[in-house]
Amino acid sequence: MPVFGSSKKKKSDEYCCKIFTMDAELQFPIEATAKGQDLYSLVCQTIGLREHWYFGLKFLDKVSNEWTWLQMNRSILSQPLHISTQTNHSKRPDSPTTSDISKAHILRSPPTSPSASTLSLPSAFSNHGQQYPKGILELYFVVKFYPEDITHELIQDITRRLFYLQVKQDILNMDIYCPPETAAHLASLALQAKFSDYDQIMSLSEPFNLENEALLPLSCFQKIELTKNDWFDRIIDLWRAHALMTRDEAEMAYLKHAQDLDMFGLSFFEISKMQGGNKSNTLSHQSDSASIAAELWLGIDSLGIRFYKKNKLRPEVFFSWCDVKSIIAHDKKVTLNLTSDKNATFTFCTAKSSVSKEILDLTIGNHQLYMRRRREESIEIQQMRYFEEQQKKEKLRILARERQLRLDAEKERDEMERKFVEYQQQMKDIHETLVDYDERMKYQEAAELLARKAHISSEEARLHAEKALEVETQLERCKYEINRNEEEKRLYTRQINDCEQIISTLVNDSVKNDTAYHSSHLGEASLLSSTIEQRRKEAEELKLEVAKWRVAEAAAREKLMSITQLNQSLAATNATAQAQRNLAQSSPRTVSPSPYRPNHRNQEENQTDERAYLNEKQIKQNQIALQLQDLKHVIQARKIEDRLTPLDKAYEENLAVGDNKYSTMQRASSGPASKRMAMLQDL
């Protein structure tokens, strides 16, 4: 039966079917007679999924208001789907309830809503707001069956991607119990898968805020006294240790670690045992009641069936699929038959008949996959695996080439940085040499200038000495003239005194002599008087000349003193110049800077040895182990005992005795099947 509406059909005969995957939204027009398998095949073909046996379509039952798997062999509209006339974004399967949403945490992811991205058929939805008269159907494409080894059985990248998103959402919604330290480790891997390396994100100019990311389950903040920033710091430290890990590697590492969780891949159901020979009465009594008093939990996964009594972390009894012969479901009663003994049966009841049908559906699907994995792979699987291996080899080759190019680029960058540092140091040395050379040249020029100044000063000193000698000679001559003038002055003075004495004697004699004698000697006296007057004038002139010579002597002495001081300053300058000249001669000769010669080192050969890569990987794993161990100690010290759930206490008990998922399962599967059946009957 075709899914697409025929061109001859009216639009009123078509329904709009919206399929929500974990990261996209698909829209298809379907006919009223379309079957579930047709729609499922169309979805797988649209998203390019070939490993279709792991997935299924789920919808919200309009009668029971519970999530129900779409039956592939029935028509879609014959099943209790809710048909709406408008787009109704209901919640995704196993998403938080309304009460959980009201208590959302800062790191808690909001309830998963349909993705904004839409893949639709152009012919069907040219108008995005078009409403179909028959209504709109909403289904969810989710994981239904899990592989035994998720890291080796998944072939396609799209399969791994959908598993990663599903498991991540289940852990955040606390549908899978995850210890806080493991949740922090998985959060760091999720950040690496989404954003790549931490340092690369921090180098971007855009602000980065972890508060908008769904990182940890809400329980981590309810029972551990760690602040938001403390969790951020721990997760970022782990994130840094995942450097150079690609998105595919990070997602696969996430699934590999999540696979070790006790509740991974398990579908749990509450059941109660049927008691002895009163089974029919008990069943009829339970059919009248709306629910049952749950005594056990039934867990179904890819390996077999598990029965839990105390908690969901420690199975009491485990039956592998090879131990199971058949499972029969009738109404609320389910009967388990083992292959070892036809009398080895176990009958239990569920709350609703729909639960019994789901148990039967999951057991049949898991048993078929279990048996198929133990047979030779089909041609289709071999082709898929070969094609994916070739693609993986090509990706690995490209990745190895990119990694090698990155390593080469990093080596080249480091080499360039090293050379740059060396060049800077050499430039610094050259600059210092040039500065020293300039200083020495300036010092030498200053010394030569001082030497020239000293030579000029010595010449000036010699000239001044000659002038001083000439002045001294003139001074001596002046002294001689002064002395000679003094002698002449004394001689003239003595002559004047003699003349005056003679005159006074003559005057006295003239008084005694008579007039005759006076008249006879009158002419001689007048002559003598004129002579005395002349001598007196000469004495005055001589005094003036002596005064002039004394002024000249004082000026000569002052000039001699100035010349003497100048000679002393010139002598000091000559001594300084001589000392500097001696210092310049004693200093080492100026060495011209050596020409720049970069140090050429032989570049290391490209190392593609796998051992180096494995060693680096081992170092990172050891670093992560130490960080997780430290975080575990912090969590043990900060946990709030009153808020620990039964699962937390069960996990600590298993941890105390050294148990894990695989050891508890091995213990639950030990012994023959009949013995385990007897143990199950006694639970």
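Conventions used here
Residues numbered from 1 in each chain as written. Predicted model: local features only at pLDDT ≥ 70, side-chain atom pairs only at ≥ 80, totals over all residues. Heavy atoms only, no water. Helix = DSSP H or I, 4+ residues; strand = E, 2+ residues; numbered from the N terminus. Buried < 20%, exposed > 50% of the residue type's maximum accessible area, 1.4 Å probe, protein only. Contact = heavy atoms within 4.5 Å. Areas by Shrake-Rupley, 256 points an atom, 1.4 Å probe, with all protein chains shown as cover. pLDDT = per-residue confidence, 0-100. 1 Å grid on protein atoms, 1.4 Å probe; cavity = no way out; pocket = protein on both sides within 12 Å on 5 of 7 lines; lining within 4 Å. Points joined across faces, edges and corners; volume = space filled by probe spheres on them. Nonpolar A, V, L, I, M, F, W, Y, C, P; charged D, E, K, R; others polar. Core = buried A, V, L, I, M, F, W, Y, C linked by side-chain atoms within 4.5 Å. Salt bridge = Lys/Arg side-chain N within 4 Å of Asp/Glu carboxyl O. UniProt positions renumbered as here; feature names shortened; annotations may be inferred. Pairing = 2+ DSSP bridges. Axes fitted to C-alpha atoms, helices over the stretch in contact; angles between N-to-C directions. Parallel < 35°, antiparallel > 145°, perpendicular 65-115°, else oblique. Left-handed = near helix turned anticlockwise from the far one by under 90°. Phe/Tyr/Trp six-rings, centres within 6.5 Å; stacked < 30°, edge-to-face > 60°. Disulfide = S-S within 2.5 Å. Expected span 1.5 Å × (residues − 1).

Digging into the overall build of the chain
Here comes step 1: In terms of regular secondary structure, the chain is built from 18 helices and 13 strands.
Here comes step 2: Taken across its 683 residues, the chain has 36% of its residues classed as buried.
Here comes step 3: For the chain, long-range pairs separated by at least 24 residues make up 73% of all intrachain contacts whose partners lie at least 6 apart in sequence.
Here comes step 4: Accessible surface computed for the chain: about 40200 Å², of which carbon and sulfur atoms make up 52%.

Quick word on the confidence of the model for the chain
Here comes step 1: In the predicted model, the chain carries a mean pLDDT of 80, and 79% of its residues have values of at least 70.
Here comes step 2: The low-confidence segment residues 587-603 (pLDDT under 50) makes 17 contacts with residues lying over four places distant or belonging to another chain.

Quick look at empty space enclosed by the protein
Here comes step 1: Inspection of the entire model under this criterion finds six cavities of 30 Å³ or more.
Here comes step 2: In this structure, the largest cavity spans a volume of roughly 60 Å³.
Here comes step 3: Taken together, K168, I171, L172, A183, L186, A187, A190, A214, L215, P217 and Y254 form the lining of the largest cavity.
Here comes step 4: Looking at the lining of the largest cavity, the elements that each hand over two or more residues are α4 (157-172) and α5 (180-195).
Here comes step 5: By residue number, the principal contributor to the lining of the largest cavity is α5, which donates four residues.
Here comes step 6: For the lining of the largest cavity, a count of residues per class yields 10 nonpolar, no polar and one charged.

A closer look at the nonpolar core
Here comes step 1: Core analysis: the largest hydrophobic core is formed by 108 residues, its most contacted members being I19, L39, L139, F141 and W231.
Here comes step 2: With nine residues, the top contributor of residues to this core is α5.
Here comes step 3: F20, W69, Y140 and V142 belong to the second-largest nonpolar core, a separate cluster that totals five residues.

Here we look at the pattern of salt bridges
Here comes step 1: Following the criterion strictly, the structure yields 34 salt bridges and no others.
Here comes step 2: Across the pair E213 and K194 runs a salt bridge, and its minimum N-O distance is 2.8 Å. Within this pair, whereas E213 is found in the loop between α6 (198-202) and α7 (219-222), its partner K194 is found in helix α5, the two being separated by 19 residues in sequence.
Here comes step 3: On the basis of relative accessibility, which here comes to 15%, the residue E213 falls in the buried class.

Here we look at the UniProt feature "coiled-coil region" (unreviewed entry) in the chain
Here comes step 1: According to UniProt, the positions carrying the feature "coiled-coil region" (unreviewed entry) are residues 399-433 and 468-552.
Here comes step 2: Helix makes up 100% of residues 399-433 and strand 0%, with an end-to-end C-alpha separation of 49 Å.

Focus: the pairing of strand β9 (residues 304-308)
Here comes step 1: Across the five residues of β9, five count as buried, placing the element largely inside the fold.
Here comes step 2: Relative to β9, strand β8 (residues 296-300) is paired through four bridges, and the arrangement is antiparallel. Considered in β9, the bridge of I300 is made with I305.
Here comes step 3: Linkage of β8 to β9, two consecutive antiparallel strands, is achieved through a turn of three residues.
Here comes step 4: As defined by bridge partners, β9 adjoins strand β10 (residues 315-320) across five bridges and the pair is classed as antiparallel. Residue pairing in the sheet places F307 in a bridge with V317 of β10.
Here comes step 5: A loop of six residues connects β9 with β10, the two strands running antiparallel in sequence.

A short note on the packing of α5 against helix α8 (residues 228-240)
Here comes step 1: Put simply, α5 and α8 touch, their axes get as near as 8 Å, and they point 60° apart. By the criterion of interaxial angle, the relationship of α5 to α8 is oblique. Where α5 crosses over α8, the two elements pack in a sense that is right-handed. Between α5 and α8, the residues in contact are P180, A184, H185, A187, S188, L191, Q192 and F195 and W231, I235, L238 and W239, respectively.

As for the packing of aromatic side chains
Here comes step 1: Inspection of the entire model under this criterion finds 19 aromatic pairs.
Here comes step 2: Ring geometry for Y146 versus F163: centroids 5.6 Å apart, planes at 80°, classification edge-to-face. With Y146 in the loop between β6 (136-143) and α3 (150-153) and F163 in helix α4, this residue pair connects regions lying 17 residues apart in the sequence. Just as Y146 is buried, F163 falls in that class too.

A closer look at the sheet that holds strand β13 (residues 345-349)
Sheet strands line up and pair through hydrogen bonds in the backbone, either parallel or antiparallel.
Here comes step 1: What the seven strands build is an open sheet, ordered β10-β9-β8-β7-β13-β12-β11; its pairing is antiparallel. Looking along the sheet, the strands with just one partner apiece sit at the ends: β10 and β11 (324-330). With strand direction ignored, the average angle separating the axes of adjacent strands in the sheet is 30°.
Here comes step 2: Helix-sheet contacts for helix α17 (residues 661-668) involve β9 and β10, and the interaxial angle to β10 is about 75°.

Some details on the state of the cysteines
Here comes step 1: In this structure the tally under the stated criterion is zero disulfides.
Here comes step 2: Counting only cysteine sulfurs, C17 is the nearest neighbor of C16, a cysteine outside any disulfide, at a range of 7.4 Å.
Here comes step 3: Its sulfur unpaired, C178 is 7.0 Å from the next cysteine sulfur, which belongs to C220.
Here comes step 4: With relative accessibility at 5%, the residue C178 sits in the buried group.

Comments concerning the pairing of β8
Here comes step 1: Counted residue by residue, β8 has four buried out of five residues, so it is predominantly covered.
Here comes step 2: Looking at chain direction, strand β7 (residues 267-273) and β8 are connected through five bridges and run antiparallel. Residue pairing in the sheet places S267 in a bridge with I300 of β8.

Topic: unusual backbone geometry
Here comes step 1: With a phi angle near 65°, M174 is a residue other than glycine that sits in the positive phi range.
Here comes step 2: Relative to the helices and strands, M174 resides in the loop between α4 and α5.
Here comes step 3: Residue classification places M174 among the partly exposed positions, given a relative accessible area of 36%.
Here comes step 4: Residue L244 is not a glycine yet carries a positive backbone phi of 70°.
Here comes step 5: Looking at where L244 falls in the secondary structure, it is placed in the loop between α8 and α9 (247-258).

A few points about helix α11 (residues 353-373)
Here comes step 1: Between its terminal C-alpha atoms α11 stretches 30 Å, which fits the 30 Å expected from 21 residues at 1.5 Å a residue.
Here comes step 2: Of the positions making up α11, those classed as buried are V355, S356, I359, L362, T363, G365, N366, L369 and Y370.

Comments concerning α9
Here comes step 1: Taking 1.5 Å per residue, 12 residues should reach 16 Å; α9 reaches 16 Å between its end C-alpha atoms and fits that length.
Here comes step 2: Taken residue by residue, α9 has A250, E251, A253, Y254, L255 and A258 as its buried positions.
Here comes step 3: Looking at the buried side of α9, the elements it contacts are α3, α4 and α5.

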